Amino acid sequence: MHLKSFDMIYPKIPLAQSIIEIFAARGIHQIVISPGSRNAPLTIGFASNEKFECLSIADERSAAFFALGIAQQTQKPVALLCTSGSALLNYYPAFAEAFYSQIPLIVVSADRPADKIDIGDGQTIRQENVFANHSLFNANLQENVSAENDQLINEAITKAILEKGPVHINVPFEEPLYETTEELLVKSKIIPETQPILESENLTTFAEKWNSSTKKMVLVGVNFPNAIQQNIVDWMAKDPSIVVLTETTSNLHDATFISNIDTIITPFTSEDFEHFQPEILVTFGGMVVSKRIKAFLRKYKPTEHWQIDPFRAYDTFGALTKHFKTESNLFFGSFIPLTQNVESTYKAEIIAIKKFRKEKQEIYLSKVPFSDFKAFELIMPRLPQNSMLQIANSSPIRYAQLIDVHPSISVFSNRGTSGIDGSSSTAVGAAFASTQQTVLITGDISFLYDSNALWNEYIPKNFKIILVNNGGGGIFRILPGHEETLVFNRYFETSHCFTGEHLARMFGFEYSIASNETNLIPALDSFFAANEKPALLEVFTPTLLNDGILLQFFKELK
Ligand SMILES: Cc1ncc(C[n+]2csc(CCOP(=O)(O)OP(=O)(O)O)c2C)c(N)n1
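Just so we're clear, the structure is a prediction, and the values are computed from it rather than from any experiment.

The subject of this paragraph is the sheet that holds strand E11 (residues 280–284). With parallel pairing, five strands are arranged side by side in an open sheet as E10-E9-E11-E12-E13. Single-partner strands in this sheet number two, and they are strand E10 (242–246) and strand E13 (322–324). Recorded for the sheet is a direction-independent mean angle of 20 degrees between the axes of neighbouring strands. Of the pairings in the sheet, the one linking strand E9 (residues 216–220) to E10 comprises five bridges and is parallel in character. Across the sheet, the residue bridging to Met 217 is Val 243, located in E10. Against the sheet, helix H11 (residues 291–299) makes contact with E9, E10 and E11, and its axis sits at roughly 145 degrees relative to E9, the strand it touches most. Helix-sheet contacts for helix H13 (residues 346–367) involve E9 and E10, and the interaxial angle to E10 is about 40 degrees.

What follows is the structure, given as C-alpha cells:
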C-alpha cells in the first residue's frame, strides 16, 4: 500500500539513481523492502517511482521467503532491499532455497564504503560476496557511478532472469542518505538479456536405446503447473514400457502415473526391486522428495540416466549418463517423433500394484484412530478445487504424497533446501502474487518458527492455514533412531504445549480447532466456506500414536 501519491523524486546519490533506472528498464518491478537507514537512498527512490510496487516487511528472513513466494508464482525476478549489517544475512535461508529451487531473486544490500569496513563502525560487516556459495552472480558495486557498475547491475539481472536463481548486488552509500532531487542525474546503460540458443542434439542414438528398452522410468520432481505439454503427458501415458513416477509437487497428473511412490515401493522385496529396476531413467523437474526412490535407484541403478534441465544435472543416483541441457518440452518435442511404443508389461504391472495398494490403504485408514495420517486423509479431498496448496516441510510434504490431490490444485513446497524456516512466508508471498486461493498445511514447529510470516499487510482474506499440531517435530518419531528419552523430547522433537491461537488472534486470523474425525469434517467445511478474513484451523493429533500409525501402514500394504 502506498501512502501518498507519487511525486517524481530521486535520491540525490547518483549510484542509487542508476540502480533505479536500470531496474525500471529491465522490468524489475516488485521490490520487497526491509527498514533501515543505509538503504534510504534506494528505499526513497523505489517508493517514489510509480514503475515499482514496493512491499514493506520488517523481518528480512521472512521478507526474503515472501519474495521467493512471489517469484515462485510469477517466475519473474523479485528484488529485495535491506540495510547493512546482519539484516543481509537473514536473507540467506531464502537465498539458498532460491538457488536450489531455481527461483529468480535479486538481493540488493546497502553497505558502507569499503574504507569504513572493519574499522569499528556500527552495523557493519563484510558484505561483499557474502552469498558466494549459492549465488549466480555477485555485483560488488563501487561508490561512484561508472560504466562498470552499470555493467554489473545489468549482468546480475540477466543472470537472475536467464538462469533462474538468486543474485546479490552490494551497494556502498556514504552519508547523507536521505537527500532527494527532482533531477535525474545519470544516463544509465541498459543491456537487455538475449535468450541463448539452446544446443540441439542428435537424438538418434538415444532413440535407438529407448526403442529397444522394455523398462523405462520417468521420475518427475518439482514442476510448475501446466509446464509440460499435454501431448507429452499423453505419450508417456500410452506407452506400456514407460512407468511415470511423480512427486506431489510435480503438478503432473494422469491415471497411469504413480503419484504415491513410497506406498508402491516401500513393501518391495529385493526380487521386486530387481524386477522393476529400469533400464533407462529419465528425470526432469526440481527436487525429488521420496528418500525411498533415491535408495531404490542408487542400489538398483539404471543403465542409462538422462536428466533434462537447461542448467543443472545432479547425479542423484550415481548413474547419470547424459545431461540434455534444454527445456523438457523442447526435448520431448524432438524426441517423441523418433520413438515408438514398445510392447512390455512394465507399466501394467505397476498399475496393478497401485490398485492393490490403494485397496489396502483404504482398509487400513478405515480402522486406524485419529492421527496425522487420518487428518491428511480427511483434509486433502476437501481442499477447494483450483486452489493452490503450499505444503511445509517435514511430515506434511510426506503425508501429502500418500493421498491423491485433485489435479486442479497446484502444489508447492520449499524443497530446495527442505528448510522449516520459511514455508509460511513463502505461502503468504505466493498467495499475494496469485489469483488462486492459497491453503498452507504446516506442522507446529514450522509454523512457530516462521510466525513472522503473518506480520505484514499482504495476506489475502481467503488465505487459509491448516496447522497440524502434534506437539513437536513429529518426523523425528518416524525416523530411525527414535527412543522415548528426555534427550529425544528436548533436542529432537522439541516438544511443547503451545498452540497457534494467540498468534492467530494477534494477526487477525479466524481461529478454529479440531481434534478428531467427527469435528474435523464440519470444521473443514466452515473453514473453507467463509472468506472474509484469513483463517487458521488447528488440528490436534496424538503425539504418541502418529508414528506407529504411519509405520504400521507400510507394513500392511503387502
Ligand atoms: C531451518 C531448519 N532447521 C531444522 C530443520 C530440521 N527439521 C526437519 S523437520 C523438523 C521438525 C518439524 O516439525 P513440524 O513442523 O512440527 O512438523 P512435523 O514433523 O511434526 O510434521 C526439523 C526441526 C530443518 N529442516 N530446517
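Turning our attention to the site of the ligand. Around the ligand sit 17 residues, and of these Ser 394, Ser 395, Ile 445, Ser 446 and Gly 474 come closest. Gly 472 is positioned such that a nitrogen or oxygen atom in its backbone is 2.9 Å from an oxygen atom of the ligand. One nitrogen or oxygen atom from the main chain of Gly 474 is found 2.7 Å from an oxygen atom belonging to the ligand. When isolated, the ligand has an accessible area of 590 Å², and the protein chains bury 76% of it. Looking at which element gives the most residues to the shell around the ligand, the answer is helix H17 (residues 444–449), with three residues. Its residues assigned to classes, the shell around the ligand comprises five nonpolar, ten polar and two charged.

Attention now goes to the pattern of salt bridges. Here the structure, examined in full by the defined rule, presents 21 salt bridges. For Lys 374, the salt bridge identified is with Glu 377, shortest N-O distance 2.9 Å. Placement of the pair is Lys 374 and Glu 377 together in helix H14 (residues 372–379), with a separation of three residues, close to one helical turn. Here Glu 377 falls in the partly exposed class, since its relative accessible area comes to 24%. Between Arg 477 and Glu 484 there is a salt bridge whose closest N-O contact spans 2.7 Å. The exposure class assigned to Glu 484 is partly exposed, which follows from its relative accessible area of 46%. Each of Asp 59, Arg 61 and Asp 450 takes part in one network of salt bridges that share partners.

Here the focus is the pairing of strand E14 (residues 388–391). Because side chains alternate across E14, one face comprises the buried residues Met 388 and Gln 390, and the other comprises Leu 389 and Ile 391, equally buried. One ladder, built from three bridges, connects E14 with strand E15 (residues 410–412); its direction is parallel. Considered in E15, the bridge of Met 388 is made with Ser 410. What joins E14 to E15 is helix H15 (residues 395–402), and the crossover it makes is right-handed. In this sheet, strand E16 (residues 438–443) lies alongside E14 in parallel orientation, the contact comprising four bridges. Residue pairing across strands places Met 388 opposite Thr 438, the latter belonging to E16.

Our next topic: the packing of helix H1 (residues 14–25) against helix H6 (residues 147–163). Between H1 and H6, the shortest axis-to-axis distance is 10 Å and the interhelical angle comes to 35 degrees. Once H1 is placed against H6, the crossing between them reads as right-handed. Packed against H1, whose contacting residues are Leu 15, Ser 18, Ile 19, Ile 22 and Phe 23, the element H6 presents Asn 149, Asp 150, Ile 153, Asn 154 and Ile 157 at the interface. Taken together, the residues of the contact of H1 with H6 sort by class into six nonpolar, three polar and one charged.

This part is about a nonpolar patch on the surface. Taken together, Phe 476, Leu 479, Val 487, Tyr 491 and Phe 492 make up a surface patch of nonpolar side chains, about 480 Å² in accessible area. By secondary structure assignment, the location of Phe 476 is in helix H18 (residues 475–478). Assessed through its relative accessible area of 33%, Phe 476 is described here as partly exposed.

Okay, the sheet that holds strand E4 (residues 78–82) next. The six strands are arranged E3-E2-E4-E5-E7-E6 in an open sheet whose pairing can be described as parallel. Of all the strands in the sheet, the pair left with one neighbour each is strand E3 (53–56) and strand E6 (138–140). Along the sheet, successive strands turn relative to each other by an average axial angle of 20 degrees, direction set aside. Two strands pair when backbone bridges link them, and strand E2 (residues 30–33) and E3 are joined in this way by four bridges, in the parallel orientation. Counterpart to Ile 31 in the pairing with E3 is Cys 54. With respect to the sheet, H1 is in contact with E2, E4, strand E5 (105–111) and strand E7 (166–172), its orientation differing from that of E7 by roughly 155 degrees. In the packing of H6 onto the sheet, the strands contacted are E5, E6 and E7, and the crossing angle to E7 comes to about 160 degrees.

The rules behind these values
Residues numbered from 1 in each chain as written. Predicted model: local features only at pLDDT ≥ 70, side-chain atom pairs only at ≥ 80, totals over all residues. Heavy atoms only, no water. Pairing = 2+ DSSP bridges. Helix = DSSP H or I, 4+ residues; strand = E, 2+ residues; numbered from the N terminus. Axes fitted to C-alpha atoms, helices over the stretch in contact; angles between N-to-C directions. Contact = heavy atoms within 4.5 Å. Near = heavy atom within 4 Å. Polar contact = N/O pair within 3.5 Å; in protein donor to acceptor, adjacent residues only side chain to side chain. Areas by Shrake-Rupley, 256 points an atom, 1.4 Å probe, with all protein chains shown as cover. Nonpolar A, V, L, I, M, F, W, Y, C, P; charged D, E, K, R; others polar. Salt bridge = Lys/Arg side-chain N within 4 Å of Asp/Glu carboxyl O. Buried < 20%, exposed > 50% of the residue type's maximum accessible area, 1.4 Å probe, protein only. Right-handed = clockwise from strand over helix to strand, strands pointing away. Left-handed = near helix turned anticlockwise from the far one by under 90°. Patch = residues over 30% accessible without salt bridge, like charges linked within 9 Å, V, L, I, M, F, W, Y side chains within 5 Å.

Any functional reading would require information that these geometric values do not contain.
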